[in-house]
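# Architecture at a glance
Residue-level listing of the chains:
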Amino acid sequence: MRIDVVTIFPGYFDALELSLMGKARDRGLIDLHVHDLRESAHDKHRTVDDTPTGGGAGMVMKPEPWGQAIDGILADAQSAPAAEPLIIFPSPAGDVFTQAMARELATEDHLVFGCGRYEGIDQRVFDEYAERGRVRLVSIGDYVLNGGEVASIAMIEAIGRLLPGVVGNPDSLVEESHESGLLEYPSYTKPAEWRGRRVPDVLLSGNHAAIDAWRHEQSVERTRHVRPDLLGD
Ligand code: SAM
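Here's what I pulled together on the structure shown here. None of these values were measured; they are calculated from a predicted model.

### Observations concerning the pattern of salt bridges
- The tally for this structure, following the rule as stated, stands at 16 salt bridges.
- Notably, a salt bridge pairs Asp4 with Arg2, separated by 2.7 Å at the nearest N-O pair.
- Here Arg2 falls in the buried class, since its relative accessible area comes to 17%.
- Between Arg198 and Glu193 there is a salt bridge, with the nearest N and O atoms lying 3.9 Å from each other.
- For Arg198, a relative accessible area of 46% gives the class partly exposed.
- On the basis of relative accessible area, Glu193 is assigned to the partly exposed category, the value being 45%.
- What you see here is one network of salt bridges that share partners, running through Arg2, Asp4 and Asp76.

Dropping the structure here:
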């Protein structure tokens, strides 16, 4: 999968050189390109923001640098035989990101993330690219971050780990929270007893049917307690 990111803080994405994402990049499973928006701003101070038209607090990201940066990525993409890119703008006003959305986005060939800052990006940027192609505004939850970088990294990691070959044992993806509509059961490892706390006997029994039944019961119970909304109760 090719992923382009446009940001005024490229350094945030150094985190994606670590761990499984870093390995996936080394192995060519994820082709990540990070673009500094300020390189598409041409005044002396490389300005990317201005005051809100109509008044109000804060600053808004100017459309011209965004237009130049995204046009450049789209022109580059046209020279490759991949499918049309999907442009994602992280936004607290977008559709809420879920595991189901991560699965859907993991089928794309090319994602472009546009990281807003300040009060956000001039609306005409969304309108322009929605008219010319595919655009989604996506929120990672009902709270407000300072910028789209952390939201993009969260989405890239959730999507990236679903790509074939990124996670060594694909079985570990199947049983996770949200995959079956339930939260995952509690996990234990050795030793069998730690500070007087014992691993539940059933997990030491070797009876796989009993272990599966116990884990399912625990998943349902945990979901009912923490996230009853997932059960539709
Ligand atoms: N004024 C905007 C509003 O009320 O909707 C919030 C702007 S926020 C301070 C700056 C940027 O952070 C946004 O443009 C977006 O890229 C990102 N952001 C903030 N919260 C987010 C969230 N929950 N999900 C995704 N992106 C978020």
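So, next bit.
### Examining the nonpolar core
- Ranked by size, the top nonpolar core spans 31 residues in total, and within it Phe97, Phe113 and Ile159 carry the most contacts.
- Looking at this core, the elements with two or more residues in it are β1 (2-7), α1 (19-26), β5 (86-96), α3 (99-105), β6 (110-114) and α5 (148-160).
- With 6 residues, α5 is the single largest residue contributor to this core.
- If sequence neighbours within four positions are ignored, Phe113 has contacts with Ile3, Asp4, Val5, Val6, Ile88, Ser152, Met155, Ile156 and Ile159.
- Counting 18 residues, the second largest nonpolar core, distinct from the first, contains Ile70, Phe89, Phe126 and Tyr129.

### Topic: helix α8 (residues 208-226)
- Helix length check: α8 (19 residues) gives 26 Å between terminal C-alpha atoms against 27 Å at 1.5 Å per residue, within 8%.
- Among all positions in α8, only Ile211, Trp214, Ser219, Val220 and Thr223 are buried.
- Looking at the buried side of α8, the elements it contacts are α7 (201-204) and α9 (228-231).
- Of the residues that open α8, the one with a side-chain oxygen 3.2 Å from the backbone nitrogen of Ala209 is Asn207.

### Some points on a nonpolar patch on the surface
- Where nonpolar side chains cluster on the molecular surface, the patch consists of Phe9, Tyr12, Tyr143, Leu145 and Val150 and spans about 450 Å² of accessible area.
- Tracing the sequence through the fold places Phe9 in the loop between β1 and α1.
- You can call Phe9 partly exposed: its relative accessible area is 37%.

### Digging into the layout of surface pockets
- When its volume is computed, the largest pocket comes out at roughly 470 Å³.
- Pro90, Ser91, Pro92, Glu119 and Gly120 are, among the 26 residues lining the largest pocket, the residues nearest its centre.
- Sorting the residues of the lining of the largest pocket by element identifies β5, α4 (123-132), β7 (134-139) and α5 as the ones contributing at least two each.
- Residue classes in the lining of the largest pocket are distributed as 14 nonpolar, 10 polar and 2 charged.

### Regarding the site of the ligand
- Not every one of the 18 residues close to the ligand is listed here, only the nearest: Pro90, Ile140, Gly141, Tyr143 and Leu145.
- Here a nitrogen atom of the ligand sits 3.1 Å away from a polar atom, N or O, in the side chain of Glu119.
- For the ligand, a nitrogen atom lies 3.0 Å from a polar atom in the backbone of Ile140.
- Within the complex, 81% of the 580 Å² of free accessible area of the ligand lies under protein.
- Assessed atom by atom at 2 Å from the grid points, the ligand resides in the largest pocket.
- Classifying every residue of the shell around the ligand gives 9 nonpolar, 8 polar and 1 charged.

### Let's talk about empty space enclosed by the protein
- Overall, the coordinates contain 1 cavity of 30 Å³ or more when judged by the stated rule.
- Its boundaries defined by the atoms lining it, the largest cavity holds a volume of some 30 Å³.
- Around the largest cavity sit Ile3, Leu16, Met21, Arg25, Ile30, Leu32 and Ile156, which together line it.

Calculation criteria
Position labels on residues start from 1 in each chain and follow its written sequence. Only residues with pLDDT of at least 70 are given local features in this predicted model, and only at 80 or more are side-chain atom pairs given and counted; all residues enter the totals for whole chains, interfaces and linings. To obtain the side-chain values, all non-hydrogen atoms of the structure were included, while hydrogens and water were left out. What counts as a salt bridge is simple: a side-chain nitrogen of Lys or Arg found within 4 Å of a carboxyl oxygen of Asp or Glu. Exposure categories follow from relative accessible area, calculated using a 1.4 Å probe and restricted to protein chains: below 20% of the type maximum is buried, above 50% is exposed, and the middle band is partly exposed. For the purposes of this section, nonpolar cores are sets of buried Ala, Val, Leu, Ile, Met, Phe, Trp, Tyr and Cys residues that join through side-chain atoms within 4.5 Å. Numbering of helices and strands runs from the N terminus, with a helix taken as a DSSP run of H or I at least four residues long and a strand as a DSSP run of E at least two residues long. Throughout, a residue-residue contact means that at least one pair of heavy atoms, one from each residue, lies within 4.5 Å. Expected span of a helix, by definition, is 1.5 Å for each gap between consecutive residues, and there is one gap fewer than residues. Polar contacts, as counted here, are pairs of nitrogen or oxygen atoms within 3.5 Å of one another; within protein the pair requires one atom able to donate a hydrogen and one able to accept it, and residues that are adjacent in sequence qualify only if both atoms are side-chain atoms. Grouping into patches uses exposed residues only, defined as over 30% relative accessible area, and leaves out salt-bridged ones; the cut-off is 9 Å for like charges and 5 Å for nonpolar side chains (Val, Leu, Ile, Met, Phe, Trp, Tyr). To measure how exposed things are, a 1.4 Å probe is used in the Shrake-Rupley method; for residues, cover is taken only from the protein chains shown. A cavity here means a set of points on a 1 Å grid, drawn over the protein atoms and nothing else, where a 1.4 Å probe fits but cannot get out; a pocket is an open set with protein on both sides within 12 Å along at least five of seven lines, and a residue lines either one if it has an atom within 4 Å of a point. Grid points are joined across faces, edges and corners, and a volume is the space filled by probe spheres set on the points. For this classification, Asp, Glu, Lys and Arg are treated as charged, while Ala, Val, Leu, Ile, Met, Phe, Trp, Tyr, Cys and Pro are nonpolar and the rest, including Gly, are polar. Any residue with at least one heavy atom within 4 Å of a molecule or strand is counted as near it. If over half the atoms of a molecule are within 2 Å of the grid points of a cavity or pocket, the molecule is regarded as sitting in it.

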